[in-house]
Structure formats: C-alpha cells, structure tokens
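Here are the chains, one letter per residue:
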Amino acid sequence: MESRLDLGSIEYLRLVEGIVDYAIYMIDPDGRVATWNAGARRIKGYPDEDVIGKPFSMFYLPEDIEAGKPELEMETALREGRAEEEGWRVRKDGTRFWANVVLTPLWDDDGSLRGFAKVTRDLTERRAAEDALRISEEKFRLLVESVLDYAIFMLDPNGVVASWNAGAKRIKGYSAEEIIGSHFSRFYPPEDVASRKPEWELDVATREGRVEDEGWRVRKDGTRFWANVIITALRNEHGKLVGFAKVTRDLTERRRAEQFRDRFVANAAHEIRTPLTSVKGFAEVLMHRDQLPPGGEEQAIEALNRGADRLSLLVQNLLDLTRLEQASLDFKPEMTPLRTMIEETLEAAPPPAGHEVNTQGDLDVKAFVDPVRFIQVLTNLLSNAYRYGGSNITIEVIATPRRIDLSVSDDGSGVSPDIRAAMFEPFVRGNETGSTTGSGLGLSIARSMIDSMGGELTYEPGDPTGSRFLISLPRR
Amino acid sequence: MMPYVLVVDDEPDSRLLAQMILRSNGYEVAEAPGGEPALELIEERMPDLLLLDIRMPRVDGWSVLEQLRRDHPTDRPKVIVLSAHSEGKVAGRITKAGAEAFLTKPVAWDELLTTVAEVLA
C-alpha cells in the first residue's frame, strides 16, 4: 500500500496533472484511456470527458489504425519494456501534429498488467524547422549545382575534390565522375604545382579561414584560363576542419577586354598626339612668320589645316567605333542597288593618278543595307587600295540566290603576313612609310559595320598577287 | 657653307615642320620618310646632323643608330633624337645609343635651333 501510495500520492498526481508540455496519461490493458493531464488536453485538444474510457487509437491516423499500429505499439512495449515512436497523430479538431511517443507498460506487484503510461510530445514545430532546413539545403544544393558562371566545389581536408557543379564542368571541362576523388592540384599549371602553391593556399585558408588568388589555371584540354579563386575553410560546430569550399571564376574574357581597352586607349592617345603635335608645331612656325621664306606661311597654314582635319577624322572614327561597340549607331537599311553605291563611292573617292578602278559582275543586284554606311565601308576599302595596293583595282559583285559577295581587289603586294592576323584590329596599319594619314581605325569600323548589317568582311591574298577584301551579305 | 641636316620621320608634316624651321635659318635640309631611305641618303652624302624620329614603322630610329655605329664608328653624323614621348627611359637610352641630344615633339622653333647649334658647335 505504501509503495502504491508513493506513485499514487496526491502530490505526485498533481505534479503529473499539471504538466502542460507533455501529454501524460494512462491506458488500461485494453488500450482505453484511463487518466488525462493538462498537457494532453493542450496538445490533443480533448477535454477529459471526451477521452476517458475511449480507445487510445482515436489519436492515430485512419491508415495507422487500419495497419494496426496502436496494437503493435502495445505489443512492442510489452515485449521490450518500452516502445518509442515518432509519427503523425490527430488532434480533436482533425489537424495533425508530429509526435514523439513513449509507451511503457505498468505491472502490478503480482506481475499482472495494470496498463500503460503514455508520454506524448508535440514536435510539430521542430519537425517543421527540420523540414524547412532540409528543403532549404536541398534547394541550396540544386542552386549551387546549377550555377554556370562559377565553378563551385568542395575539397576534403586533403584537397581532394568532393563535389562538382555545372560551372566547374563548363569552366574546367571535367565531368563530376572524372574529377571527384582527384587532388585539386590538377587545376594548377606545372610551375605552381612544383612550387606547392595548391598546398600553400590550403594552408593559408586553414590558418586564416580564407584565401583569394588570381592566376592561371589549367582546363582539362590543357588550355589555360585566367581565374579568380576563393578558397574558404569549412569547419564543423566543434571547430574541426571538414574541408574547403572553392569558388573559381573564369576572368579570361574580362582580362582580355581590359588589355584590349588599355591598348586601345594608349593607341588612341598616340594617334591624337601626332596631329596635335603638328598643329602645335605649325602654330609656333606661324609665330615666326617674318622669318619664313616666300610661300612658307601658306605651307604652314595648310599643314595646320591638315592636322585639324586629321584630328576631326580621328574623333569621328573613334565615336563611330564606340557607337558600333555599344550597338547604338543608327542603321537605316533599305534595298539599294550596288551599282548606285559603287558609283557614289567612286565619285567621293576617285582613283588618284596612276590608279584605275574596274567594276564588274552582278552590279544591278540590290542589297538590304544602310547605303550611307555601306558607302563608308566601300570608301575605306578603296582608299586602302589606293594607299597600300597596286594600280589596278577591281570591284566585283557575285550574286547567288542566298548571298551577295562584293570584293575589292588589287594587284599590289598584298597585306604582309605579319599584320594579317591583326589587320581588323584598331590602330593596326599597313607598313608603307609616309602613309599614316588615316586614323588606323578604318578596317575595324568597316568590319563592325558589315557585321551590324548581317554580313561578313574578310581578307584573302589576291590571286596571283595583291589583296582581296570580301564583303559577303545575306540576300533578301 | 651651312651645315647639312637630314630629317628622318615617317610623318610628312613632322618633316615639313623641321625643314621649315631649319631652312628659315639657313641650314641645308634633306628629308627621309623612314630608316631605310635615311641610311641610303647617308651613304650618298654624309650629313652633319641627323634629326631622327624614334617611332617609325619597319626600320625605327634605334635601328638607324645601331647601323650607324656599326658602319660608321668614326665618321658618323651628330644625332638629335626626336620622340613623341618625354619619358626618362627614352632620354637615358639615347646617350647609350650614341645620340647627342633628345627633343620632345613638337619641336619648338627656338629650342630646335638652339639644340642644333649646340650639337654642331
């Protein structure tokens, strides 16, 4: 009696009764609810009178009842002394909650079953948080995996590749299967491997948490790319190093663009300086006009004018090129006969003495181009031919159902092989001395303009000698 | 007899400018549009002074200086180097290359005449 009173004492019952965070109740050997506490009322929503004497299976999902889960739990508890489970349960209002349930059999002194103690915790919030975390981790993993612009991957503490994303595949060329398990030093040039740079970077990341580097890296096919690399040490909650996150960007294009821009600015400055120097020099000469021989003053004024003209041509060309690059140059294409445009070009830029221009082929065909821009391109090709080419120049049009090819060829010495590769780049000129009167931008502009009109401008050596510039346009 | 000056520059107006200043002051002037024609003219008649542009296509000013030192170790003309750049790098290099003076473009009237007179003195 005394021992029973211990468990059944008023104080103890009140204690259990008053607990609100746990549903604590007893079930008789048949599975009927025998007691009910504050926590049970709160979590399950039933008042005492609705549950006392009812089978505890009423808290289970219909499919669990059908599967005999309540009975199974009782059997397990009887067999093992305890049954613990996490699963969905149903409240009075029909809503579900995620429950942790512990079922313990209670035995009488004589060994007969008195019933079960059941302790239920509502873990819905914790489960929701876990779900949210799991979903967010999954989303994050998918996000990282699908990033194309950055190689994002993990290394184990020894530098062995442990994960691989789409960007890594795109930038470095390896598939995940090929590279996972390899040491990340494979991405470094041999000289960096020899100087143990990969290991050094991991050391710094381990020590300082993070290391950033810009330098050459090697793709699967052996080509190099200019990379920005950030390696971050990953540590678990105990501070133990579990690996590294590596983010690599391919900056090759950006580096190339920067180098191009730097070169362009330097070249443009030089080009501007030449006529500016001339203008300044002749202005100075005119200040000494009383000392000039007869005709000297006129010569100086003409030279001043040439300098100013050249400056304005240069500025105009620089503006054209910039607008072409920004695609903000206005094109007004219309169906225009090539003959008209060729004639207008020859009128504006007639052949100098000793040069002759022949036109031949399908001159009456019409092209869908901006005539003003097209004439600008033709003028450039012709004046190049006058300046650098032979004395016989041929403009030929060949029309096919799909394309219109217009070529400007001459019988000179052709473009020297050393500048052929770069001849369409800004400020690259032919090597003829005394011929640096243009802006050095003509062919760059010409090519961009033909591009913008949907065509192509290419060069090939003439047959048997000379040069041949070919404008190939789609036919409408 | 006035000194004979050879102006070497690929820019026609640069040559014209130097030529006008020098002729106005009585110098005899010839022009060459590049390193190669300059070396040919030198072989025909040795100038007293070379007004030499550095940046020229093909045979540049440095190459002209180098060839002069090789071909004319004792009787080479005096040289004033012209450059669009005023960097000390160029200024330091010209003495080593065997030039007497260095001027930055555009050449100013008085500065050119003073330098030419000094170099020829």
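Preceding this section is the structure that the text describes.
J.: Please explain the overall build of chain B as it appears in this structure.
T.: The number of helices and strands found in chain B is five helices and five strands. The buried share of chain B, reckoned over its 121 residues, is 54%. A fraction of 61% describes how many contacts in chain B between residues 6 or more apart in sequence connect residues 24 or more apart. When the accessible surface of chain B is totalled, it reaches about 5400 Å², and 49% of it is carbon and sulfur.

J.: Would you mind going over the sheet that holds strand β1 (residues 4–8) of chain B with me for this structure?
T.: Backbone hydrogen bonds are what pair the strands of a sheet, in a parallel or an antiparallel way. All names here are of chain B. The strand order across the open sheet built from five strands is β2-β1-β3-β4-β5, with neighbouring strands paired in parallel fashion. In this open sheet, the two edge strands, each paired with only one partner strand, are β2 (28–32) and β5 (101–104). For this sheet the average axis-to-axis angle between neighbouring strands, irrespective of direction, equals 20 degrees. Alignment of β1 against β2, held across five bridges, turns out to be parallel. Each residue of the ladder has a partner; that of Tyr-4, found in β2, is Glu-28. Those strands touched by helix α3 (residues 61–71) are β3 (49–53) and β4 (78–83), and its axis lies near 145 degrees from that of β3.

J.: Help me understand the interface of chain A and chain B in this model?
T.: Interfaces are often described in size by the accessible area the parts lose on coming together. Counting residues at the interface gives 24 residues for chain A and 21 residues for chain B. When chain A packs against chain B, the two sides together hide about 2100 Å² of surface, and 60% of this comes from carbon and sulfur. Remark: the boundary between chain A and chain B carries two salt bridges. Across the pair Asp-13 of chain B and Arg-306 of chain A runs a salt bridge, and its minimum N-O distance is 2.7 Å. The tally of links from chain A across to chain B stands at three residue pairs in polar contact (both at pLDDT 80 or more). Of all the elements in the fold, those that place two or more residues in the side of chain A that touches chain B are α12 (252–286) and α13 (296–325) of chain A. With ten residues, α12 of chain A is the largest single contributor of residues to the side of chain A that touches chain B.

J.: Looking at this structure, I do not really get the sheet that holds strand β5 (residues 150–155) of chain A. What am I missing?
T.: All names here are of chain A. The sheet built from four strands is open, its strands ordered β5-β8-β7-β6 with antiparallel pairing. Only two strands of the sheet have a single partner each, and these edge strands are β5 and β6 (210–218). Across the sheet, the axes of successive neighbouring strands diverge by a mean angle of 25 degrees, strand direction being ignored. For β5 and strand β8 (residues 241–250), the ladder comprises six bridges, and the chain directions are antiparallel. Of the residues in β8, the one forming a bridge with Leu-155 is Phe-244. Where helix α11 (residues 197–208) meets the sheet, its contacts fall on β5, β6, β7 (224–235) and β8, and the angle it forms with β6 comes to roughly 165 degrees. Those strands touched by α12 are β6, β7 and β8, and its axis lies near 130 degrees from that of β7.

J.: Is there a simple way to think about empty space enclosed by the protein in this case?
T.: Empty space among the atoms becomes apparent when a probe as large as a water molecule is rolled across them. For the structure on display, the rule yields one cavity of 30 Å³ or more. Here the largest cavity is characterised by a volume of approximately 90 Å³. Taken together, Thr-277 and Ser-278 of chain A together with Val-7, Asp-9, Ser-14, Arg-15, Leu-17, Ala-18, Leu-82, Lys-105, Pro-106 and Val-107 of chain B form the lining of the largest cavity. Elements with a contribution of two residues or more to the lining of the largest cavity: α12 of chain A together with α1 (12–24) of chain B. Of the residues forming the lining of the largest cavity, the biggest block, four residues, is contributed by α1 of chain B. Among the residues forming the lining of the largest cavity, the class breakdown is six nonpolar, three polar and three charged.

J.: How should the packing of helix α14 (residues 338–348) of chain A against helix α15 (residues 371–388) of chain A be read in this particular structure?
T.: For any two helices packed against each other, one specifies the crossing angle of their axes together with the interaxial distance. Residues and elements named next belong to chain A. Between α14 and α15, the shortest axis-to-axis distance is 9 Å and the interhelical angle comes to 50 degrees. Classed by the angle they form, the pair α14 and α15 counts as oblique. In this structure, α14 meets α15 at a crossing whose hand is right-handed. Facing α14, whose interface residues are Leu-338, Met-341, Ile-342, Glu-344, Thr-345 and Leu-346, α15 presents Pro-371, Phe-374, Ile-375, Leu-378, Thr-379, Leu-382 and Tyr-386. Looking at the contact of α14 with α15, its residues break down into ten nonpolar, two polar and one charged.

J.: Looking at this structure, how should I read the pairing of β6 of chain A?
T.: Looking down a regular strand, the side chains alternate between one sheet face and the other. Residue and element names in this part refer to chain A. The pairing of β6 with β7 spans nine bridges and is antiparallel. Bridge pairing links Gly-215 to Ala-227 in β7. Between β6 and β7, which pair antiparallel in sequence order, lie five residues; one of them, Gly-222, sits at a positive phi of approximately 90 degrees.

J.: Before we go on, may I ask you to explain the pattern of salt bridges in this structure?
T.: Side chains bearing opposite charge may pair, as long as their charged atoms lie close to each other. Residue and element names in this part refer to chain A. Applying the stated criterion to the full structure yields 41 salt bridges over all chains. Ionic pairing is found between Asp-48 and Arg-41, a salt bridge with its closest N-O pair at 2.7 Å. Overall, Asp-48 belongs to the partly exposed group, its relative accessible area being 29%. Arg-224 is the partner of Glu-191 in a salt bridge, and the nearest nitrogen-oxygen pair spans 3.0 Å.

Definitions and limits used
- Residues numbered from 1 in each chain as written.
- Chains lettered and ligands numbered in written order.
- Predicted model: local features only at pLDDT ≥ 70, side-chain atom pairs only at ≥ 80, totals over all residues.
- Heavy atoms only, no water.
- Helix = DSSP H or I, 4+ residues; strand = E, 2+ residues; numbered from the N terminus.
- Buried < 20%, exposed > 50% of the residue type's maximum accessible area, 1.4 Å probe, protein only.
- Contact = heavy atoms within 4.5 Å.
- Areas by Shrake-Rupley, 256 points an atom, 1.4 Å probe, with all protein chains shown as cover.
- Pairing = 2+ DSSP bridges.
- Axes fitted to C-alpha atoms, helices over the stretch in contact; angles between N-to-C directions.
- Buried area = accessible area lost by both parts, 1.4 Å probe.
- Salt bridge = Lys/Arg side-chain N within 4 Å of Asp/Glu carboxyl O.
- Polar contact = N/O pair within 3.5 Å; in protein donor to acceptor, adjacent residues only side chain to side chain.
- 1 Å grid on protein atoms, 1.4 Å probe; cavity = no way out; pocket = protein on both sides within 12 Å on 5 of 7 lines; lining within 4 Å.
- Points joined across faces, edges and corners; volume = space filled by probe spheres on them.
- Nonpolar A, V, L, I, M, F, W, Y, C, P; charged D, E, K, R; others polar.
- Parallel < 35°, antiparallel > 145°, perpendicular 65-115°, else oblique.
- Left-handed = near helix turned anticlockwise from the far one by under 90°.

Everything listed is a geometric property; what it means functionally is a separate question.
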